[in-house]
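What follows is the residue order along each chain.
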Amino acid sequence: MKLIKSKVRESVKKALLEDGYKNDLSLKLKNFNKNKIISASVTTRQKGTLSGSSWFEESFKIIDKNAKIEWYVNEGSSFKQDSKIVRIKAKSEAILSGERTALNFLQLMSGIASKASKYSKVLKNSSIELLDTRKTLPNLRYEQKYSTSLGGAKNHRFGLFDAIMLKDNHLKVFGGVSKLKNLKYKNKGDFLEIEIEKLSQIKLALKAKPDILLLDNLSIVEIKKAINIIDNNCLIEISGIKNPDDLKKYRDLKIHYISLGDLTKNIESIDFSLNIL
């Protein structure tokens with residue numbers, strides 16, 4: 001996913017304002033020199049994949065535009081437990097008021113990239129691509145999807161505007177899968193994906209000429225039957241895997257995608273620590 005600097009700055013600024021960085025009471029003590037230049041370093045207590053370095057930097061540079069940041073680990077690279085990640089040199093105001101925001105982005109995004117990397121490796125050397133979903137935290141979708149892509153996953157649609165995706169509730173409103181053969185598209189060439197919960201829905205769904213059929217919560221036996229019914233008439237995505245560690249059970253199936261909400265929904269942040277030198 002492309003890094004958009006304006007999005008990074010906007011997101012960080014909102015986070016800093018949420019934290020009240022302009023009214024940090026600790027820095028209003030009369031004998032505190034907020035312009036003193038100090039240095040700090042960040043280390044990690046666990047291994048992982050780095051994501052969020054631009055957000056981290058911006059958390060300090062919005063407060064002190066002359067802040068100097070030196071990275072020991074590159075964005076998207078893996079790091080070992082107890083590694084030194086980055087060094088900061090800036091005004092004490094910037095480091096002390098920006099520390100929490102900077103670490104919040106780094107720990108969240110690196111946790112997501114680390115998980116995506118772990119599961120992408122399970123599918124390595126297979127023809128199946130790992131997809132993320134829209135199961136993201138409000139107002140942090142860009143950060144989360146950026147991180148899954150760094151970890152080796154592929155971004156599914158970013159929002160409702162990316163593609164036509166008809167899930168179970170859409171189908172209920174339509175009156176069932178059988179009604180889809182008469183779909184009228186607003187724009188010619190719109191991408192169509194249809195969710196399938198029963199094998200009996202497949203032939204009816206294929207009449208709508210979908211780009212993808214999403215097989216949701218089907219057993220492996222059912223998925224194999226579905227593959228035969230679909231017979232290369234569209235791409236196949238599966239979802240509903242309860243335990244991501246079960247991915248290896250699916251890697252030899254003749255499908256195209258596996259989508260995992262777990263990548264962005266169940267977040268395990270990386271433990272980083274910032275200390276003044």
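In case you missed it, the structure is sitting above this.
These lines cover the structure that appears in this document, whether it is placed above or below. (Residues numbered from 1 in each chain as written. Predicted model: local features only at pLDDT ≥ 70, side-chain atom pairs only at ≥ 80, totals over all residues. Heavy atoms only, no water.)

## Thoughts on the packing of aromatic side chains
Using the criterion set out here, one finds 6 aromatic pairs in the structure. Ring centres 5.0 Å apart and planes at 55 degrees place the aromatic pair W55 and Y146 in the tilted group. Here the residue W55 occupies a position in helix α2 (residues 53-61), and Y146 occupies one in helix α4 (residues 141-150), the gap between them amounting to 91 residues. Taking the relative accessible area as the measure of exposure, Y146 reaches 6% and is therefore buried. Their ring planes at 50 degrees and their centres at 5.8 Å tell us that F79 and F272 sit as a pair that is tilted. One end of the pair, F79, is in strand β4 (residues 78-79); the other, F272, is in strand β12 (residues 272-276), with 193 residues separating them in the sequence. Here the guanidinium or amino end of K7 rests over the ring plane of Y142, the centre of that ring lying 5.5 Å away. (Phe/Tyr/Trp six-rings, centres within 6.5 Å; stacked < 30°, edge-to-face > 60°. Helix = DSSP H or I, 4+ residues; strand = E, 2+ residues; numbered from the N terminus. Buried < 20%, exposed > 50% of the residue type's maximum accessible area, 1.4 Å probe, protein only. Lys NZ or Arg CZ within 6 Å of the ring centre and 35° of its normal.)

## Some thoughts on α4
Within an α-helix, residues lying three or four positions from one another point in the same direction, as the helix has 3.6 residues per turn. With 8 of its 10 residues buried, α4 lies for the most part within the structure. Within α4, the full set of buried residues consists of Y142, E143, Q144, K145, Y146, S147, T148 and S149. Packing partners of the buried residues in α4 comprise α1 (5-19), α2, α3 (92-122) and α8 (262-265). One or two residues past the end of α4 sits G152, with phi positive at roughly 110 degrees. (Contact = heavy atoms within 4.5 Å.)

## A closer look at the side chain of H156
Along the chain, the position of H156 falls in the loop between α4 and β7 (164-166). Other than its neighbours up to four places away in sequence, H156 contacts L131, D132, K145, M165, E193 and E237.

## A closer look at the pattern of salt bridges
Overall, the coordinates contain 9 salt bridges when judged by the stated rule. With its nearest N and O atoms 3.4 Å apart, the salt bridge here joins K61 to E57. With a gap of 4 residues between them, K61 and E57 both fall in helix α2, about one helical turn apart. With a relative accessible area of 30%, K61 lands in the partly exposed category. In this structure, the salt-bridge partner of E195 is K167, at a minimum N-O distance of 3.8 Å. You can see E195 sitting in strand β8 (residues 192-196) and its partner K167 sitting in the loop between β7 and α5 (168-174), a full 28 residues away along the chain. (Salt bridge = Lys/Arg side-chain N within 4 Å of Asp/Glu carboxyl O.)

## Considering the packing of α1 against α3
Where α1 meets α3, the closest approach of the two axes is 10 Å, and the angle between their N-to-C directions is 130 degrees. The angle between the axes of α1 and α3 places the two elements in the oblique class. Like other packed secondary-structure pairs, α1 and α3 cross with a definite hand, here right-handed. Across the interface between the two elements, S11, V12, A15, L16 and D19 from α1 touch S97, G98, R100, T101 and F105 from α3. (Axes fitted to C-alpha atoms, helices over the stretch in contact; angles between N-to-C directions. Parallel < 35°, antiparallel > 145°, perpendicular 65-115°, else oblique. Left-handed = near helix turned anticlockwise from the far one by under 90°.)

## Side note on α1
Over its 15 residues, α1 runs 21 Å from end to end, which matches the ideal 21 Å to within 8%, given 1.5 Å per residue. If you follow the buried residues of α1, they end up packed against α2, α3 and α4. Immediately downstream of α1, the backbone of G20 shows phi near 70 degrees, a positive value. (Expected span 1.5 Å × (residues − 1).)

## A word on the sheet that holds strand β6 (residues 129-131)
By definition, the strands of a sheet pair up through backbone hydrogen bonds, in either a parallel or an antiparallel sense. Pairing is parallel across the open sheet formed by 6 strands, whose spatial order is β6-β11-β10-β9-β8-β7. Each of the sheet's edge strands pairs with one partner strand only, and the pair in question is β6 and β7. Taken pair by pair, the neighbouring strands of this sheet meet at an average axis angle of 25 degrees, ignoring direction. The sheet contact formed by β7 and β8 spans 3 bridges and is parallel. (Pairing = 2+ DSSP bridges.)

## Examining the packing of α1 against α2
Contact geometry for α1 and α2: axes closest at 9 Å, N-to-C directions at 55 degrees. The orientation of α1 relative to α2 falls into the category oblique. The handedness of the crossing between α1 and α2 is right-handed. Two secondary-structure elements touch here, α1 through V8, R9, S11, V12 and L16 and α2 through S54, W55, E58 and S59. Grouping the constituent residues of the contact of α1 with α2 by class yields 4 nonpolar, 3 polar and 2 charged. (Nonpolar A, V, L, I, M, F, W, Y, C, P; charged D, E, K, R; others polar.)

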